[in-house]
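Chain by chain, the residues:
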Amino acid sequence: MYTFLLHSASAVALLVWGAYMVKTGILRTFGEALRSWLATRLSNRFAGFAAGMGLAMLLQSSTAASLLVASLQAGGLVSTAAALAAVLGADLGSALAARILTLNISSLIPILLIAGTFLFLRRMEKREGQFGRMLLGFAFVLLALQSIMASTQPMRDSPIILETLAHLPEHPFLAAAVGIACAVLFFSSLAVVAVTAAATASGLLPASAALWVVLGANFGSALLAAAATAGASKAARKAPLGNFFFRVGGFGAGAAVLYFIPAAGSVFASLGDPADGVILFHVVYNTVIGAVGLSFIHPAAALIDRLVPVSVQTDDFETHLLSKENLLSSSSALVQVRHENARTAELFRKHWDALTPLIYENPPMGELLAFKERRKLLDRRCRTVSKALNII
């Protein structure tokens with residue numbers, strides 16, 4: 001039994017670590033460029049939903065995508081409605097990523113391992129090396145899923161464990177609580193859904209109970225994002241808080257359907273492959289919440305803005321000097337330019353101070369890439385100020 005627990009825990013740890021490597025590999029490869037790209041895509045609720053969905057599929061985590069969107073809103077780059085739409089899209093993107101990872105694509109593992117190791121060791125200090133880190137993360141996730149399936153064999157041979165889990169459908173809210181706790185513990189609802197699907201496919205966990213675990217994991221993911229931004233600025237808390245309200249309503253509606261209409265859950269449980277039923281429920285659940293959320297996005301955003309009133313400050317590296325409003329009057333435009341020049345000088349001072357520890361210490365590659373990205377943003381800021389002066 002102890003050997004089984006050790007193998008199961010190591011497989012789950014590998015899954016979480018692989019997802020973390022994918023996330024950090026993407027962020028270090030694209031850095032601030034990804035953040036800037038996302039800011040330009042959050043122009044309306046539908047574009048924001050699509051951008052959030054794609055971002056979560058790349059990062060393998062709706063929580064990480066939510067935190068990135070929250071940082072954009074804190075900088076005043078996106079509205080509450082667009083940020084909330086992006087977070088709703090991130091939840092669906094995470095569900096679609098779980099669908100892809102649970103497909104039979106184990107044949108890609110050797111290719112990902114070889115290519116990832118070659119790129120990471122050969123060009124570790126370059127973006128190519130961080131892209132290799134991302135490939136290694138994908139390979140670790142697939143290996144972890146295989147290990148989870150293999151580690152459940154001792155449990156399938158234990159009559160006591162099988163009997164205990166067989167009674168879990170009689171206590172659905174306990175199963176949901178397990179999903180919430182695991183999502184918070186693993187910092188990823190994707191990992192919980194993947195493990196649940198594997199346990200269901202092996203016959204270890206009844207399909208009806210697995211749906212409740214998935215329901216809880218979705219709620220836990222929103223709870224985690226809201227908790228992670230609790231100490232952030234008011235602007236950064238808006239989108240995660242709005243998503244949490246949607247998730248509370250979605251959890252209540254989903255629990256009511258599963259509890260009072262058992263036939264609805266049996267539709268997913270009766271599919272040929274039990275794991276497919278769990279994943280399909282995860283995708284359908286997030287699709288419904290996303291569709292309902294987009295329908296009420298503006299009233300929900302207005303409510304959040306009233307609950308969390310804040311005067312949003314412009315992002316450090318962004319400037320709106322070239323907007324029509326700021327160019328209507330040359331005198332007021334010159335005042336704005338003077339303010340932006342002073343701000344640019346302050347940013348250059350901070351940029352110079354950040355160079356010292358990079359020279360005397362051994363910083364991780366992520367910090368070096370972020371430093372280079374900040375230099376590019378400072379250069380773009382200076383060009384914007386120069387262009388504004390030429391227009392004036």
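Residues numbered from 1 in each chain as written. Predicted model: local features only at pLDDT ≥ 70, side-chain atom pairs only at ≥ 80, totals over all residues. Heavy atoms only, no water.

A tally of regular secondary structure across the protein gives 18 helices and zero strands. For the protein, buried positions account for 47% of its 392 residues. Counting contacts in the protein only where the partners sit at least 6 residues apart, residues at least 24 apart contribute 79% of the total. Roughly 18600 Å² of accessible area belongs to the protein as shown, and the carbon and sulfur atoms make up 67% of that amount. (Helix = DSSP H or I, 4+ residues; strand = E, 2+ residues; numbered from the N terminus. Buried < 20%, exposed > 50% of the residue type's maximum accessible area, 1.4 Å probe, protein only. Contact = heavy atoms within 4.5 Å. Areas by Shrake-Rupley, 256 points an atom, 1.4 Å probe, with all protein chains shown as cover.)

The subject of this paragraph is the packing of aromatic side chains. Counted under the stated rule, the structure contains seven aromatic pairs. Residues Phe219 and Phe244 carry aromatic rings whose centres are separated by 5.7 Å and whose planes lie at 45 degrees to one another, so their mutual orientation is tilted. With Phe219 in helix H11 (residues 207–228) and Phe244 in helix H12 (residues 234–260), this residue pair connects regions lying 25 residues apart in the sequence. Ring centres of Phe281 and Tyr285 lie 6.1 Å apart, and the angle between their planes is 25 degrees; this geometry places the pair in the stacked category. Highlighted residues: Phe281 and Tyr285, both in helix H14 (residues 274–295), separated by four residues, approximately one helical turn. Given the relative accessible area of 9%, Tyr285 is considered buried. (Phe/Tyr/Trp six-rings, centres within 6.5 Å; stacked < 30°, edge-to-face > 60°.)

What follows is about the packing of H11 against H14. Where H11 contacts H14, the two axes come as close as 10 Å, and the packing angle between them is 40 degrees. On the basis of their axis angle, the class for H11 and H14 is oblique. Seen along the crossing, H11 lies across H14 with a hand that is right-handed. Contacts from Ala210, Leu211, Val214, Leu215 and Asn218 in H11 reach Gly277, Val278, Phe281, His282, Tyr285 and Asn286 in H14. Looking at side-chain class alone, the contact of H11 with H14 contains seven nonpolar, four polar and no charged residues. (Axes fitted to C-alpha atoms, helices over the stretch in contact; angles between N-to-C directions. Parallel < 35°, antiparallel > 145°, perpendicular 65-115°, else oblique. Left-handed = near helix turned anticlockwise from the far one by under 90°. Nonpolar A, V, L, I, M, F, W, Y, C, P; charged D, E, K, R; others polar.)

Right, let's get into a nonpolar patch on the surface. On the surface, Phe173, Val257, Tyr259, Phe260 and Ile261 cluster together to form a nonpolar patch covering roughly 540 Å² of accessible area. With respect to the helices and strands, Val257 occurs in helix H12. Its relative accessible area of 37% is what places Val257 among the partly exposed residues. (Patch = residues over 30% accessible without salt bridge, like charges linked within 9 Å, V, L, I, M, F, W, Y side chains within 5 Å. Salt bridge = Lys/Arg side-chain N within 4 Å of Asp/Glu carboxyl O.)

Inspection of the secondary structure assignment puts Asn286 in helix H14. Considering only alpha carbons, one finds Asn286 and Gly93, 193 residues apart in sequence, at a separation of 8.9 Å. Beyond its immediate chain neighbours, meaning those up to four positions away, Asn286 contacts Asp91, Leu92, Ala95, Asn218 and Arg247.

Moving on to the confidence of the model for the protein. Averaged over every residue, the pLDDT of the protein is 77; residues scoring 70 or more account for 76%. Per-element mean pLDDT across the protein ranges from 56 in helix H7 (residues 153–156) up to 88 in helix H5 (residues 109–122). (pLDDT = per-residue confidence, 0-100.)

Structurally, the position occupied by His282 is in helix H14. Here His282 falls in the buried class, since its relative accessible area comes to 1%. At 3.2 Å, the side chain of His282 and the side chain of Asn218 are in polar contact. Not counting residues within four places of it along the chain, the set of residues in contact with His282 comprises Ala95, Ala98, Val193, Val214 and Asn218. (Polar contact = N/O pair within 3.5 Å; in protein donor to acceptor, adjacent residues only side chain to side chain.)

Taken together, the buried positions of helix H15 (residues 297–307) are Ile297, Ala300, Ala301 and Ile304. Here the buried residues of H15 occupy an arc of 100 degrees about the axis, which is enough to place them on one side. Across from the buried face of H15, at angles greater than 90 degrees, the exposed residues are Pro299 and Arg306. (Arc of directions from axis to C-beta.)

It is worth spelling out the pattern of salt bridges at this point. Enumeration according to the criterion identifies six salt bridges in this entry. Notably, a salt bridge pairs Asp91 with Arg247, separated by 2.7 Å at the nearest N-O pair. You can see Asp91 sitting in helix H4 (residues 80–101) and its partner Arg247 sitting in helix H12, a full 156 residues away along the chain. Look at the salt bridges and you will find they share partners, linking Glu346, Arg349 and Asp353 into a network.

Turning our eyes to something else, we now look at the packing of H12 against H15. At their nearest, the axes of H12 and H15 sit 10 Å apart, and the two run at 120 degrees to each other. The angle between H12 and H15 falls in the class oblique. Crossing handedness for the pair H12 and H15: right-handed. Between H12 and H15, the contacting residues are Lys238, Leu241, Gly242, Phe245 and Phe246 on the first element and Ala300, Ile304, Asp305 and Leu307 on the second. Tallied by class, residues from the contact of H12 with H15 come to six nonpolar, one polar and two charged.

Along an α-helix, residues three or four positions apart point the same way, because every turn accommodates 3.6 residues. Over its 13 residues, helix H10 (residues 189–201) runs 18 Å from end to end, which matches the ideal 18 Å to within 8%, given 1.5 Å per residue. What H10 keeps buried is the set Ser189, Leu190, Ala191, Val192, Val193, Ala194, Thr196, Ala197, Ala198, Ala199 and Thr200. Looking one or two places after H10, you find Gly203, whose phi comes out positive at around 80 degrees. (Expected span 1.5 Å × (residues − 1).)

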